[in-house]
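# Survey of secondary and tertiary structure
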Amino acid sequence: LRYNNLGLIGLTSLLLHMVRFTTLVSLKLPYSNIDVRRLTTNMEATIQSFAARLSQLSKLKELNLASSRLSGRLGQLLSGLQSSLESLELSYCYLLPTDVCYLTQSPHASSLKKLDLSGNNLSEHLFSPFQKLLFEISRSLVHLDIMECRLTDSHIQSLLPGLRQCLHLRYLGFFCNPLSTAGLKVLLQNLVTLLDLKLIIYPLPVDCYEENLPWPPSSTNLLEGSINQEKMAVANAALQEILHKAQRTDILLTTDIYTPPPIDFFDL
């Protein structure tokens, strides 16, 4: 139901009919025009009804709520689910620390195989909760997307202990984060120890841009800035050399977010 623009009221009505699908495993509702940040009294009742009907999907394992403004309401929406989620996509959801803390302490944390938090600012108030969440989901995690999360070299350095625990990780996407070549090299030197890892989508290094970027750079700065191709070639060669020395040429390392097909939940 991608780009349905139904809003909270429309989706709540739709779920009333979907509860008949007693074996439904996957529900994708991205770009549904949900915004829970400033609800009226009537809309408070609607979100409660939405959560109640969602909880009736007793077999649900995959949920995609991308680009819904869920600030502070994640626990309300997910706490009633009868089974633990294995795939949860929350990109561009304006999450608050309470949302990430809920996820860390929830039954879903120990079963999540796929998590997408792209587009949420993990660099400030969400960073500490995200660190804790990473440890909690590390035993089951296969696919992690943290693109456009404003993570710098120092943030990645702090995340390394948690990432090293993700022994089953196959995919890591962190494109469009302001990392340097040096920071990427340190990260890759740690990631090559994850034997199941096969695909890494990494950002264009900040030191490979033609012009000096404002700091911290916005996503627009990173996406629209001009790249010095000579510097980029040197950086890419250095990263490939790390893979070669570690005998991990089985890992696909790319800055292209479109070339590799997305991993489907049913393939996890």
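Residues numbered from 1 in each chain as written. Predicted model: local features only at pLDDT ≥ 70, side-chain atom pairs only at ≥ 80, totals over all residues. Heavy atoms only, no water.

## What about the side chain of T12?
Operational definition: Secondary structure elements are defined from DSSP: runs of H or I of at least 4 residues count as helices, runs of E of at least 2 residues count as strands, and each element is numbered from the N terminus. Relative accessibility under 20% of the residue-type maximum defines a buried residue, over 50% an exposed one, and the middle range a partly exposed one, all with a 1.4 Å probe and only protein chains included. Note on definitions: a residue-residue contact is assigned when non-hydrogen atoms from the two residues lie within 4.5 Å.
Mapped onto the elements, T12 comes out in helix α1 (residues 7-18). T12 gets classed as buried once you look at its relative accessible area, which sits at 5%. Every residue in contact with T12, bar those within four places of it in the chain, is listed here: T46, S49, F50 and R53.

## So, the packing of helix α5 (residues 127-137) against helix α6 (residues 153-164)
Basically, it comes down to this: Axes here mean lines fitted to C-alpha atoms, for a helix over just the part in contact, with angles spanning 0 to 180 degrees between N-to-C directions. An angle counts as roughly parallel when it lies under 35 degrees, as roughly antiparallel when it exceeds 145, as roughly perpendicular when it falls between 65 and 115, and as oblique in every other case. Crossings are classed by handedness, with left-handed meaning an anticlockwise turn of the near helix from the far one by less than a right angle and right-handed meaning a clockwise turn. Three classes are used, and their members are as follows: Ala, Val, Leu, Ile, Met, Phe, Trp, Tyr, Cys and Pro are nonpolar, Asp, Glu, Lys and Arg are charged, and the others, Gly among them, are polar.
One can describe the packing of α5 onto α6 by two numbers: an axis separation of 8 Å at closest approach and a directional angle of 20°. One element, α5, and the other, α6, form an angle in the roughly parallel class. Viewed along their axes, α5 and α6 form a crossing whose handedness is right-handed. Mapping the contact onto sequence places F127, F130, Q131, L134 and F135 in α5 and H155, S158, L159, P161, G162 and L163 in α6. For the contact of α5 with α6, the class distribution of residues is 7 nonpolar, 4 polar and no charged.

## Observations concerning the packing of α6 against helix α7 (residues 181-191)
To characterise two packed helices, one gives the angle between the axes of the helices and the distance between these axes. It is at 10 Å that the axes of α6 and α7 come closest, and there the two elements cross at 0°. The angle between α6 and α7 falls in the class roughly parallel. Contacts between α6 and α7 involve D153, I156, Q157, L160, L163 and R164 on the former and, on the latter, G183, V186, L187 and N190. The class makeup of the residues in the contact of α6 with α7 is 5 nonpolar, 3 polar and 2 charged.

Keep in mind that these numbers describe shape and distance, not what the molecule does.
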